[in-house]
Amino acid sequence: MALSETSIDPQLYLVEQTRWRPAEIVFWLATLLPYLLFPNYLSLASQIAIAALFALSLDLILGYAGIVSLGHAAFFGIGAYTAGLLSKYGWGEPLSGLVVAAFAAGVVGYATSFVICRFRHLALIMLTLGFGLLLAELANSLGWLTGGMDGLQGIHTWKLLGTFPFDLYGRAAYAYALAVLFVLFLFTRRLIHSPFGLSLRGIRENFVRMPAIGAPSRAHIRTIYTIAACIAGVAGALLAQTTETVSLDSLGFERSAEVVVILVLGGAGRLYGGLVGATIYLIARDQFSGIVPQYWYFWIGILLVAVVIFLPNGILGGLAQFTARWSRK
Amino acid sequence: MAWPGVARSARLLGINSSGASSMLPPVFGVLFDGLAYGMLLFLLSVGQSVTLGMMNFINLAHCSFAMLGGYLTVTLMSRYGWSFFATLPCAFVVAAVVSVGFERTLFRRLYRASELDQVLLTIGIVFISVAVAAYVFGTDQQPLQLPHYLRSSLTFMGIRFAVYRLVLVGLALLITLALVIGLDYTRFGARVRAAVDNERMARGLGIDVDRTFAITFALGSGLAGLGGALAIEIVGLDPSFAFTYLIYVLIVVSVGGLGSISGSFVAAIVLGISDVAGKYYIPQLGAFLIYLVMISLLMWRPLGLLGKR
């Protein structure tokens, strides 16, 4: 991402970045379309919003800070189980459930971040993978608490704000997931366009040099890793509350791999990457896996190879390149 | 699919119990089975250690080549009546040749790319291979009918040693020796190391770097194919093989130290024994122990047990 020539002053650059573009407003208005056009697909739409939030949280660490994580589902799962257990044992109020889930995921995220910030490259990938697998095994062996392979049963989410019940059509669920996504997106957007966000990108490009110009790499990585864990926890809690079930695969390796795929498909290091990726990925999965699940694996594999070879910056990166070339002519 | 080892632990431990008969305590039986399992992990991962360590290429599709070797062995034996040992070289060669095809067309573009790109491309190939295997062979476990003498066992000091596991240990030792000699003491090994350390200089000296890399890659994948063919008797074979053992292979390679064959050897033994012992003595922990061992080893030595760089 090159600095535009007009804004050399970093503060002006950041202010310019925070300006809302027409395309962004159109995008957020379009998220309301499912209510009008596809009222039968609202539960899919809420799944998309949840996956988008999860991918957004990964984008903070993978796209902006350059921490490749293959175990991010750990925080998603912690959030999901926290919200699920809270509701199972008598407190089904959704909004406070989100806060507790974010806190639980954040605490674990903060604890692990002390390890994460010390490593780079393959050891880092392996450690995130290891933490994810360890947690999945833990949830599996704590069957009395998590329900083990059968999943967590008996969750009942109370009415949203005391008035809107969660129904089978997913009307309240989508509004709820979308609102949470939007609020956290605003937060992320502000964060990324702050000096802190800028220094994260600096750390991604050169981990050793940033401390020399006054940005402590490790402390920044600890902060962003904790924030990303909180957001992932919220995404997990949303899934638990709207579907009223939590299964072991909410923190499995496959979910970690899936969210990386979603993010990279959309475009890592771009605010809308996870959102676009989640939309395309989940709609495609809905269409393809209707036939046979194994075929879906085949298509997702083809998709991955194609993205890496032809669209190294994801769909949004490709689009940006295309429009840049087009506008120059 | 997400629970490597758990479903198969019963299978792994099937022979363990026989060690508990008399004279020596069962711990030796567990140690031997852990050693055999470790050798199996070593055979599966040594190729990865070579490509990852020598060429700095993260190939998650490594176990897909192992799976290819496994399916080839099963098909040749059940459908064409080949003997088990005749299929092994075949598994090696086919996996090597197929991998060179991938290397020439896809992987070589990414030798200089970021880790993320390498991870994504190769995991895409894993997805494709899992789907293709499920389409062609179905999702069931593949039966393997070993010759009778391989299924028997020897009794020594009150412990039953399965012949097949002895063969496995022997083969792994031979391959380690051959690789260490091949990479450290031959002209080809010197070329590989030169090409990795300084590609431009190596080209300047007249080394055909592309060809060297292709051969190295073929060697690594061929070993995976061989490992896969040898593994099915112990761990079974179904389309999720490529995912399940991918994690184990990565653990062995990263704990052992990139590019260090003897490191992988030690790591495979440590992990194999701790996995089998964990499942035998504390079964409720499941695969917990092997992950814990991996995390602690990596935190202690991020470059692996015998990693140099």
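All of the points below concern the structure found in this document. Since the model is a prediction, treat every value here as computed from it, not as a measurement. (Residues numbered from 1 in each chain as written. Chains lettered and ligands numbered in written order. Predicted model: local features only at pLDDT ≥ 70, side-chain atom pairs only at ≥ 80, totals over all residues.)

**Side note on the overall build of chain A**
Thought 1: Of the regular secondary structure elements, chain A holds 15 helices and zero strands.
Thought 2: For a compact globule of 329 residues, the expected C-alpha radius of gyration is about 20 Å, and chain A comes in at 20 Å, within 12% of that figure.
Thought 3: Each principal axis of the C-alpha atoms in chain A carries an extent, and together these give about 55 × 45 × 40 Å.
Thought 4: Sorting the 329 residues of chain A into buried and exposed places 50% on the buried side.
Thought 5: For chain A, contacts bridging at least 24 residues in sequence account for 78% of all contacts bridging at least 6. (Helix = DSSP H or I, 4+ residues; strand = E, 2+ residues; numbered from the N terminus. Rg over C-alpha atoms; globule rule 2.2 N^0.38 Å. Buried ≥ 20, exposed ≤ 12 C-beta atoms within 10 Å, placed from the backbone. Contact = placed C-beta atoms within 7 Å.)

**Examining the overall build of chain B**
Thought 1: Per the secondary structure count, chain B includes 13 helices and two strands.
Thought 2: Counting the 309 residues in chain B, one finds 53% classified as buried.
Thought 3: Excluding contacts between residues fewer than 6 apart, the proportion of contacts in chain B whose partners are at least 24 apart in sequence is 76%.

**Structural notes on the interface of chain B and chain A**
A common measure of how large an interface is: the accessible area buried when the components associate.
Thought 1: Taken together, the contact between chain B and chain A spans 34 residues of the former and 35 residues of the latter.
Thought 2: Listing elements by their share of the side of chain B that touches chain A, those giving two or more residues are α5 (115-137), α11 (241-256) and α13 (288-300) of chain B.
Thought 3: Per element, the largest residue contribution to the side of chain B that touches chain A is 15 residues, and it comes from α5(B).
Thought 4: Taken together, the residues that form the side of chain B that touches chain A break down as 28 nonpolar, four polar and two charged. (Nonpolar A, V, L, I, M, F, W, Y, C, P; charged D, E, K, R; others polar.)

**Describing the packing of helix α2 (residues 26-55) of chain B against α11(B)**
Residues and elements named next belong to chain B.
Thought 1: Contact geometry for α2 and α11: axes closest at 9 Å, N-to-C directions at 60°. One finds that α2 runs oblique with respect to α11. Where α2 crosses over α11, the handedness of that crossing is right-handed. For the pair α2 and α11, the contacting residues are Leu 41, Phe 42, Leu 44, Ser 45, Gln 48, Ser 49 and Leu 52 in the first and Tyr 245, Tyr 248, Val 249, Val 252, Val 253 and Gly 256 in the second.
Thought 2: Partitioning the contact of α2 with α11 into residue classes produces nine nonpolar, four polar and no charged. (Axes fitted to C-alpha atoms, helices over the stretch in contact; angles between N-to-C directions. Parallel < 35°, antiparallel > 145°, perpendicular 65-115°, else oblique. Left-handed = near helix turned anticlockwise from the far one by under 90°.)

**Concerning the nonpolar core**
Thought 1: Residues Leu53(A), Val234(A), Leu40(B), Leu43(B) and Val252(B) are the most contacted members of the largest nonpolar core, which totals 213 residues.
Thought 2: With 16 residues, the top contributor of residues to this core is helix α4 (residues 42-64) of chain A.
Thought 3: Discounting residues that sit within four places of it in the chain, Leu53(A) has contacts with Val180(A), Leu181(A), Leu184(A), Ile231(A), Val234(A), Ala235(A) and Leu238(A). (Core = buried A, V, L, I, M, F, W, Y, C linked by C-beta atoms within 7 Å.)

**Quick look at the environment of Ile67(A)**
All names here are of chain A.
Thought 1: Secondary-structure assignment places Ile 67 in the loop between α4 and α5 (73-88).
Thought 2: Distance in space between the C-alpha atoms of Ile 67 and Tyr 225 is 8.9 Å, their sequence separation being 158 residues.
Thought 3: When neighbours within four sequence positions are excluded, Ile 67 is seen to be in contact with Ile 61, Leu 62, Ile 116, Leu 124, Ile 221 and Tyr 225.

**Digging into unusual backbone geometry**
Thought 1: Residues other than glycine seldom take positive phi values, yet Glu244(A) does so here, at roughly 55°.
Thought 2: Mapped onto the secondary structure, Glu244(A) falls in the loop between α11 (217-243) and α12 (253-266).

**Examining the environment of Val74(B)**
Thought 1: Secondary-structure assignment places Val74(B) in helix α3 (residues 62-80).
Thought 2: Ignoring sequence-local partners within four residues, the contact set of Val74(B) consists of Gln142(B), Leu144(B), Ile232(B) and Leu237(B).

**What to know about α4(A)**
Since the α-helix turns once every 3.6 residues, residues separated by three or four places project in the same direction.
All names here are of chain A.
Thought 1: End to end, α4 covers 31 Å across 23 residues, agreeing with the expected 33 Å (1.5 Å per residue, within 8%).
Thought 2: The largest bend along α4 reaches roughly 40° and is located at Leu 58.
Thought 3: Positioned one or two residues after α4, Gly 66 has a phi angle of 75°, which is positive. (Expected span 1.5 Å × (residues − 1). Bend = angle between axes of the 7 residues up to and from the residue.)

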